[in-house]
Amino acid sequence: MRPEEAKVVCECQYLGVAVEGLTPATNANVVGVGIGHKAVRGQATEDIALKFYVKQKLHPLLVKDGQRIPEEIEGVPTDVEEAGEFSIWRPIPPIYHRKVRPAMGGLSIGHYAISAGTFGCLVRSGQDQYILSNNHVLANEGRGVEGDPILQPGRFDGGKTDKDVLARLDTFVALDPEAPNVVDCAIAQPYNSADVTPDILNLGRLRGSRDADLEEKVTKSGRTTRVTNGTVADVSATLRVGYSTGSLIFQDQMVIRGQRGSFSAGGDSGSVIVSYDGRAVGLLFAGSPFFTVANKIANVEKALDVKVV
Amino acid sequence: MASVEEVKRRYEVRLMSTPGVVGVGIGRKDGKDCIRVYVEKEDPKVLASLPHALDDVPVEIVVSGAFKAL
């Protein structure tokens with residue numbers, strides 16, 4: 001019998017699909033049948049087999065009598081593969097994209113009109129605590145106004161203005177299209193101080209801030225590429241950086257080279273660059289296919305008159 | 001001798017206005033500080049238009065690609 005015909009028999013006898021002339025039956029462990037290459041010790045072979053997808057692949061001795069899938073059906077060899085249970089549910093999104101309270105560094109965040117960026121860390125100004133990220137994350141490249149809702153998670157990750165507002169836009173440093181810029185930063189004030197914590201997801205708590213050294217190893221935790229490690233390749237770069245409104249010049253930037261592949265990707269903007277001794281050293285805001293660019297944290301603290309918590 | 005920072009400052013505007021150049025910085029090459037020039041792509045014309053050294057400070061050319069806000 002051809003594999004296609006044998007498969008119809010299996011559909012009836014294991015999944016309960018009605019076929020004329022056969023008595024339908026089901027097997028509680030079988031979740032699907034198909035046709036594919038037989039795998040032997042995890043390696044696909046040339047042989048075509050009837051594939052049985054099961055919730056759990058058991059040792060032959062543990063299979064109940066009568067439940068065992070025969071070696072061949074209607075002359076076609078069989079192959080059993082564990083597939084778990086098929087479901088219409090999408091996999092649970094990573095925690096970086098989800099709503100988390102108290103919210104912390106590394107998570108998805110954004111002005112209600114942008115896609116999503118990263119919650120950098122908490123900063124302090126006087127008695128008040130603020131969320132630090134980029135202007136282009138919290139203030140929509142300067143198009144936002146004070147009081148605008150800041151969503152966690154960001155809009156791209158399903159954040160909604162009726163239930164996911166974490167903070168209000170407070171202050172941002174304007175981006176200058178004519179003259180060199182030093183920072184792309186903004187702060188937002190949480191509506192409820194209990195909704196935020198000074199931790200950074202998977203990196204723990206910061207121990208203040210300092211300047212980075214050339215060739216120093218650093219890490220970050222961001223919405224898209226999560227925790228990545230890299231090396232500071234430049235601490236006094238002047239660069240042209242593309243924005244939605246055109247290209248801007250940035251001075252006094254640090255450039256980071258990823259240790260294994262890319263250090264960052266779209267959505268990681270706003271991540272704090274952290275030294276191996278737990279100090280904030282930079283604020284990630286841009287990248288090229290090979291490098292990541294961050295503002296120096298001292299310039300950010302000075303421009304916004306804040307201190308890293 | 002002028003410091004690498006001074007040399008960078010002196011030539012920065014000129015380098016940044018060279019077509020194909022997207023950044024100028026300071027890096028380390030063979031244990032020595034150097035002027036780093038970031039270029040958008042490996043274009044022989046751009047590479048030929050850049051100096052190997054500026055006021056005795058070596059120049060390292062790095063193909064970075066274009067920088068974009070993330």
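Residues numbered from 1 in each chain as written. Chains lettered and ligands numbered in written order. Predicted model: local features only at pLDDT ≥ 70, side-chain atom pairs only at ≥ 80, totals over all residues. Heavy atoms only, no water.

**Looking at the interface of chain A and chain B**
Let me state the cut-off plainly: Contact definition: two residues touch when any of their heavy atoms are within 4.5 Å. Buried area: the accessible area, evaluated with a 1.4 Å probe, that two parts lose upon being put together, summed over both parts. We define a polar contact as two N or O atoms separated by no more than 3.5 Å, with the added condition that, inside protein, one atom must be a possible hydrogen donor and the other a possible acceptor, whereas residues neighbouring each other in sequence contribute only through side-chain atom pairs. Here a helix means four or more residues in a row that DSSP labels H or I, a strand means two or more in a row labelled E, and each is numbered from the N terminus. A strand pair is defined by DSSP finding two or more bridges across the two strands.
Listed by partner, the interface residues are 32 residues for chain A and 23 residues for chain B. Interface area, chain A with chain B, both sides summed: about 2,000 Å², of which 53% is carbon and sulfur. Applying the counting criterion to the chain A and chain B interface returns 18 residue pairs in polar contact (both at pLDDT 80 or more). With 11 residues, strand 16 (residues 226-243) of chain A is the largest single contributor of residues to the side of chain A that touches chain B. As defined by bridge partners, strand 19 (residues 280-287) of chain A adjoins strand 5 (residues 67-69) of chain B across two bridges and the pair is classed as antiparallel. Within strand 5 of chain B, the residue paired with Gly 287 of chain A across the bridge is Lys 68 of chain B.

**Quick word on the state of the cysteines**
Residues and elements named next belong to chain A. Going by this rule: Pairs of cysteine sulfur atoms within 2.5 Å are what we label disulfides. Only protein chains enter the accessibility calculation, which uses a 1.4 Å probe; a residue whose area is less than 20% of its type maximum is buried, one above 50% is exposed, and one in between is partly exposed.
All chains considered together, the criterion is met by zero disulfides over all chains. Distance from the sulfur of Cys 12, which forms no disulfide, to the nearest cysteine sulfur (Cys 10) is 9.8 Å. A relative accessible area of 0% places Cys 12 in the buried class.

**Quick word on the pattern of salt bridges**
Definition in use: The rule for a salt bridge is simple: a side-chain nitrogen of Lys or Arg has to be within 4 Å of a carboxyl oxygen of Asp or Glu.
For the coordinates displayed, the defined rule picks out 19 salt bridges over all chains. Between Glu 146 of chain A and Arg 168 of chain A there is a salt bridge; the shortest N-O distance is 3.7 Å. You can see Glu 146 of chain A sitting in the loop between helix 2 (135-138) and strand 10 (149-151) and its partner Arg 168 of chain A sitting in strand 11 (residues 165-172), a full 22 residues away along the chain. Overall, Glu 146 of chain A belongs to the exposed group, its relative accessible area being 55%. Here Lys 8 of chain B makes a salt bridge to Glu 12 of chain B, at a shortest N to O gap of 2.9 Å. In this pair, Lys 8 of chain B and Glu 12 of chain B are both assigned in helix 1 (residues 4-16), four residues apart and thus about one turn of the helix distant.

**Overview of the confidence of the model for chain B**
All names here are of chain B. Keep this limit in mind: Confidence per residue, as judged by the predictor, is encoded in pLDDT with a range of 0 to 100.
Chain-level statistics for chain B give a pLDDT mean of 94 and a share of 99% at 70 or above. Across chain B, the secondary-structure element scoring lowest on mean pLDDT is helix 2 (residues 44-48), at 93, and the one scoring highest is strand 5, at 97. Both scores are available for the predicted complex, with the pTM at 0.77 and the ipTM at 0.93.

**Focus: helix 3 (residues 297-304) of chain A**
By the burial criterion, the buried members of helix 3 of chain A are Ile 297, Asn 299, Val 300, Glu 301 and Leu 304 of chain A. Taken from the residues just after helix 3 of chain A, Asp 305 of chain A is the one with a positive phi, measuring 55°.

**Some points on the packing of aromatic side chains**
All names here are of chain A. We apply this condition: Aromatic rings from Phe, Tyr and Trp, with only the six-membered ring used for Trp, were paired whenever their centres fell within 6.5 Å, and each pair was classed as stacked if the ring planes differed by under 30 degrees, edge-to-face if by over 60, and tilted otherwise. Consider the ring centre and the ring normal. A charge sits over the ring if Lys NZ or Arg CZ is within 6 Å of that centre and within 35 degrees of that normal.
Summed over all chains, the structure comprises six aromatic pairs over all chains. Where Tyr 243 meets Phe 250, the ring centres are 6.0 Å apart and the plane angle is 20°; that geometry is what we call stacked. Pair check on accessibility: Tyr 243 and Phe 250 agree, each one buried. Three or more aromatic residues joined by ring pairs make a cluster, and in this case those are Tyr 243, Phe 250 and Phe 285. The side chain of Lys 220 reaches across the aromatic face of Phe 263, ending 5.5 Å from its centre.

**Details of the layout of surface pockets**
Applied cut-off: Any residue with an atom within 4 Å of a point lines the site, the site being either a cavity, points on a 1 Å grid over the protein atoms alone where a 1.4 Å probe fits but cannot get out, or a pocket, an open set with protein on both sides within 12 Å along at least 5 of 7 lines. Grid points are joined across faces, edges and corners, and a volume is the space filled by probe spheres set on the points. Three categories are distinguished: nonpolar for Ala, Val, Leu, Ile, Met, Phe, Trp, Tyr, Cys and Pro, charged for Asp, Glu, Lys and Arg, and polar for the others, with Gly belonging to the last.
Looking at the largest pocket, its volume works out to about 540 Å³. In this structure, the largest pocket is lined by 21 residues; those nearest its centre are Leu 58, Val 63, Arg 68, Ile 69 and Val 80 of chain A. Secondary structure elements with two or more residues in the lining of the largest pocket: strand 1 (30-40) and strand 4 (76-82) of chain A. Examining the composition of the lining of the largest pocket, we find that three residues originate from one element, strand 4 of chain A, more than from any other. Partitioning the lining of the largest pocket into residue classes produces 10 nonpolar, five polar and six charged. Considered as a void within the structure, the second largest pocket measures approximately 220 Å³ in volume. In terms of lining, the second largest pocket is formed by 17 residues, of which the most central are Ile 114, Ser 115, Ala 116 and His 136 of chain A together with Leu 70 of chain B.

**Here's the deal with the nonpolar core**
All names here are of chain A. Test applied: The criterion is simple. A nonpolar core is a set of buried Ala, Val, Leu, Ile, Met, Phe, Trp, Tyr and Cys residues joined through side-chain atoms within 4.5 Å.
Ile 109, Phe 119, Ile 131, Leu 138, Ile 150 and Leu 166 are the most contacted members of the largest nonpolar core, which has 21 residues in total. Elements with a minimum of two residues in this core: strand 5 (103-105), helix 2, strand 11 and strand 12 (186-190). Among the elements that take part in this core, strand 11 stands out by supplying three residues, more than any other. Among all residues touching Leu 166, those that are not within four sequence positions of it are Arg 101, Ala 103, Ile 109, Phe 119, Ile 131, Ile 150, Gln 152, Pro 190, Tyr 191, Asp 195 and Val 196. Listed in part, the 18 residues of the second largest apolar core include Ile 200, Ala 280, Val 306 and Val 308.

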